There are 2 protein chains.
Amino acid sequence: MQRSSSRPVQSTSTHDLGIDRADAEPIQDQIARQLRELVLGGRLKPKARLPSTRALSEQLGVARATVVEAYEQLLGEGYLETRLGSGTVVAAQLPDVLLSAGKPRVAATPSSPRLKREPARPFRSGLVDWENFPHDEWGRILGRYWRNPPISLLEHNDAFGWMPLRRAIAAHLFEWRGITCAPEQVIVTSGGPDAFDLIRRAVFNDGDSIWFEDPGYVTARRVFTLAGLNCVAVRIDRDGLLVSEGRKNAKDARGAFVTPARQYPTGVTMPLSRRLELIAWANEAKSIIIEDDYDSEYRYVGKPLPAMMSLDRSGCVIYSGTFSKVFSPIIRMGFIVVPEKMIRKFCEERVAYGAPPSLLVQPALAQFMEQGQFAVHIRRMRRLYASRREALLNYFSNEAKGLFTVDAPPSGLSIMLRFRKAVDDVEIEQKLLKGGIEVQALSQYYASKPEKGLLLSFAGFSEAELLQAAKKLVESLGS
Amino acid sequence: MQRSSSRPVQSTSTHDLGIDRADAEPIQDQIARQLRELVLGGRLKPKARLPSTRALSEQLGVARATVVEAYEQLLGEGYLETRLGSGTVVAAQLPDVLLSAGKPRVAATPSSPRLKREPARPFRSGLVDWENFPHDEWGRILGRYWRNPPISLLEHNDAFGWMPLRRAIAAHLFEWRGITCAPEQVIVTSGGPDAFDLIRRAVFNDGDSIWFEDPGYVTARRVFTLAGLNCVAVRIDRDGLLVSEGRKNAKDARGAFVTPARQYPTGVTMPLSRRLELIAWANEAKSIIIEDDYDSEYRYVGKPLPAMMSLDRSGCVIYSGTFSKVFSPIIRMGFIVVPEKMIRKFCEERVAYGAPPSLLVQPALAQFMEQGQFAVHIRRMRRLYASRREALLNYFSNEAKGLFTVDAPPSGLSIMLRFRKAVDDVEIEQKLLKGGIEVQALSQYYASKPEKGLLLSFAGFSEAELLQAAKKLVESLGS
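So, a few notes on the structure that sits alongside this text. This one's a predicted model, so the numbers in the text were calculated from it and none came from an experiment.

1. Description of the pairing of strand S5 (residues 230-237) of chain B
Residue and element names in this part refer to chain B.
Part 1 of the reasoning: Of the strand pairs in this sheet, strand S4 (residues 209-214) and S5 are connected by 6 bridges, and their pairing is parallel. Considered in S5, the bridge of Asp214 is made with Arg235.
Part 2 of the reasoning: Chirality of the crossover, the property in question, places the unit of S4, helix H9 (residues 218-226) and S5 among those that are right-handed.
Part 3 of the reasoning: One ladder, built from 2 bridges, connects S5 with strand S6 (residues 240-241); its direction is antiparallel. Paired with Asp237 across the two strands is Gly240, which belongs to S6.
Part 4 of the reasoning: Here S5 folds back onto S6, and the loop between the two strands holds 2 residues.

Now the structure itself:
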């Protein structure tokens, strides 16, 4: 009975057990783990008798109590049993599923799908400026709050979110978007998809039809479609969604998803007359309008139209906003404002699913808004983005004559290049990507009959980066 | 044409416009807002002619340019139009919906449903200790990280969460739960409901049957049921879910939702033999087991059984964990571990819905885990909770003889009171609540044929609070 680590393992033996006193793992755990592996690996068969605790403690040079502890652990786990007259044995009822498995699993290194992207290059969308974000103030508010948080947080159970944040959002909407609402109507969400899914559950039924701008916000369309709604593509003109076409195609739709402040992705603004036409339809059809208002705080010329919700007298508009563009995409937070009469239904849904966003962000964000830093930040960013946009437009108007025209709505974080002749915008997108420039082909936003164009987002890049990329883009398109 | 603020408003007049130079609102905005309200209120009718900019500027005593700006704003919004020869008029096409509405909306104060709870009193569930939470360290990590965050965060787009956190979770699971998995298998979630909904979308179809412990975790059952799964109640015995009954009632179910470490709410542990029986069924039926493991780090006697997932050779177990009990419910974060072969499908679902949890918490939590503070915290809390549990059990064993027996599994954050004679536990719950004691009636966790009992959670209260409440409870039940 010699012990050697190079000896092959015997099928019913415990001779290869070893302990390592330098290891952080307690010795009884080392023993239990190794025995477990012998059972799982089939080297200790069911009903096989184990050495007595005395024998094993002598073999390993450890206290008998240590072995007793290891055995008791495995008895508790069901790997071992005690038999009258036989001492400790491997449990008889270990079925095949366990024993046939061979070696214990080792760390898997699957070839997981590509989840990460390359470093951002102009003109990737969804980015905001990073350099000028008030990291210091934000970090200080967060740190200060969480070093000494009120115990009442632990009892917080408001399905709609942290009340001071909801109050701050209502005040912001009044000032910036002309919406008069009570904080009770504001629901904090984990961003767009959470908001859309909540709305879907609260106001729609499976198979309901809903008008969708074409081109439009693909993510929202996907969330609704995957969840069983029938998204009816409705074309847009220079005033946004064609209500007349919606009436023709699906008069009795249960809802309409629109981006009136700045149509996504084309940037056109829906004027008052079209808004009223849409509301009139919603009232006739007893339908719901979802107003997705994602970045209208960034308006460079004149003032934004007040939100459509401010026109709504009948409680048919649900407003959806996000902090991603005006603050930071990192916090993944947004909000919706629902008509008073829908509060109860939304509350039921929120409670049933029980998934309001993390409280960790909400109090700090509320303070940031209450103290006015939020509005200061937006105004600063608006100046910054205005000059980036201006620089880009100037460059193109001087250098890109004949290659394309530029659609530059007076708001938002992107511009659109349009081509006079027929082009394959997806092919151009791919070609530019190889050259280190990221644009979005407009045609990808269409459900049907795509128009061609390139969407360029400028918010996340410095003027120098933008101009360098613009130069490369013009050269590439001109060649 | 005199101006008086007490004069009644004339239907087509602008005489009541006033400005307040002390107000923070710019003067042109004050003018535009009041004109908008006159239109919306019906006091300025469609096609009504407005005063010339010169006349109005004189009337108000402001620069003409200011009135021009206000008019231009309203022209842009579509409230006004310019007519050849008539100057500026109210837009003709304002439809009835807008005009019939009367006064502009005022802040609503709806009677919103009760969303908030009373201050926590023993023995409310879902709480953890607050005093001993490492607020200082946690606040410092958060503040330090966010005062100087890496720009790479902005490009982060991993649908499964922040990789360092996923690595830390995998390491934690190896050490505490015996699970060997790659970080690629770990998906960060916004807590239970998010996790369950993701699992449902990734592995089940509408109408699929799934075994559910009876009594069981009501929230999970509700999420699955609302989403269209058919939850089949399967009774439990002292070893947890009765696999034999599941086979009898719904042999071909597509899944089983179980809490093997500590059955919720009864606290029974599923022994190895039953676990293997369940896995054997899943392999036969090609079904999925969801292992919900919510607080097994808190084990006071002996060591916890390794997670069921550690026994799984065929990739049929999905593990679900949460930070709510072992860390803090405030961060609303959890995770699931999926078999390698399911990674791609889960990734598709996560990308399609696009709602991974906020990045704000993940890097700080990763640091907290990497630096070992997380494990230190759990060990400290385990000692604390052990002594709270002990104090409560001692009190009941001395004082509550004959009134009830106590089920006290050697783990978790609650104990159960059982009654020898038939009682109405919901009635007792209500009676105790009036006396300032919060317990949960066991019968509420049942889908069918309820047993009676009272669930008492002890984690969120000091020994003194617990003993005081225990005394009141014994007195109330004894009277």
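Following the structure, the description resumes.
2. Notes on the packing of helix H7 (residues 192-203) of chain A against helix H8 (residues 218-226) of chain A
Residues and elements named next belong to chain A.
Part 1 of the reasoning: For the pair H7 and H8, the least separation of the axes is 10 Å and the interaxial angle reads 40 degrees. By the criterion of interaxial angle, the relationship of H7 to H8 is oblique. By crossing handedness, the relation of H7 to H8 is classed as right-handed. Across from Pro193, Phe196, Asp197 and Arg200 in H7, the residues of H8 making contact are Thr219, Ala220, Val223 and Phe224.
Part 2 of the reasoning: Classifying every residue of the contact of H7 with H8 gives 5 nonpolar, 1 polar and 2 charged.

3. Let's talk about the environment of B:Pro271
All names here are of chain B.
Part 1 of the reasoning: Following the sequence through the fold, Pro271 ends up in the loop between strand S7 (255-258) and helix H11 (272-285).
Part 2 of the reasoning: Since its relative accessible area comes to 18%, Pro271 is described here as buried.
Part 3 of the reasoning: Taking C-alpha positions, Pro271 is 27 Å from Phe204, a pair spaced 67 residues apart along the chain.
Part 4 of the reasoning: When neighbours within four sequence positions are excluded, Pro271 is seen to be in contact with Asp239 and Leu305.

4. Considerations on the sheet that holds strand S12 (residues 414-418) of chain B
All names here are of chain B.
Part 1 of the reasoning: Taken in spatial order, the 4 strands line up as S11-S12-S14-S13 in an open sheet, and their pairing is antiparallel. Looking at the sheet topology across the chains shown, the edges are occupied by strand S11 (405-407) and strand S13 (440-441).
Part 2 of the reasoning: For S12 and strand S14 (residues 454-457), the ladder comprises 4 bridges, and the chain directions are antiparallel. Within the sheet, the bridge partner assigned to Leu417 lies in S14 and is Leu454.
Part 3 of the reasoning: Most of the contacts of helix H14 (residues 373-399) go to S12, to which it runs at about 15 degrees, and overall it touches S11, S12 and S14.

What counts, and at which threshold
Residues numbered from 1 in each chain as written. Chains lettered and ligands numbered in written order. Predicted model: local features only at pLDDT ≥ 70, side-chain atom pairs only at ≥ 80, totals over all residues. Heavy atoms only, no water. Pairing = 2+ DSSP bridges. Helix = DSSP H or I, 4+ residues; strand = E, 2+ residues; numbered from the N terminus. Right-handed = clockwise from strand over helix to strand, strands pointing away. Axes fitted to C-alpha atoms, helices over the stretch in contact; angles between N-to-C directions. Parallel < 35°, antiparallel > 145°, perpendicular 65-115°, else oblique. Left-handed = near helix turned anticlockwise from the far one by under 90°. Contact = heavy atoms within 4.5 Å. Nonpolar A, V, L, I, M, F, W, Y, C, P; charged D, E, K, R; others polar. Buried < 20%, exposed > 50% of the residue type's maximum accessible area, 1.4 Å probe, protein only.

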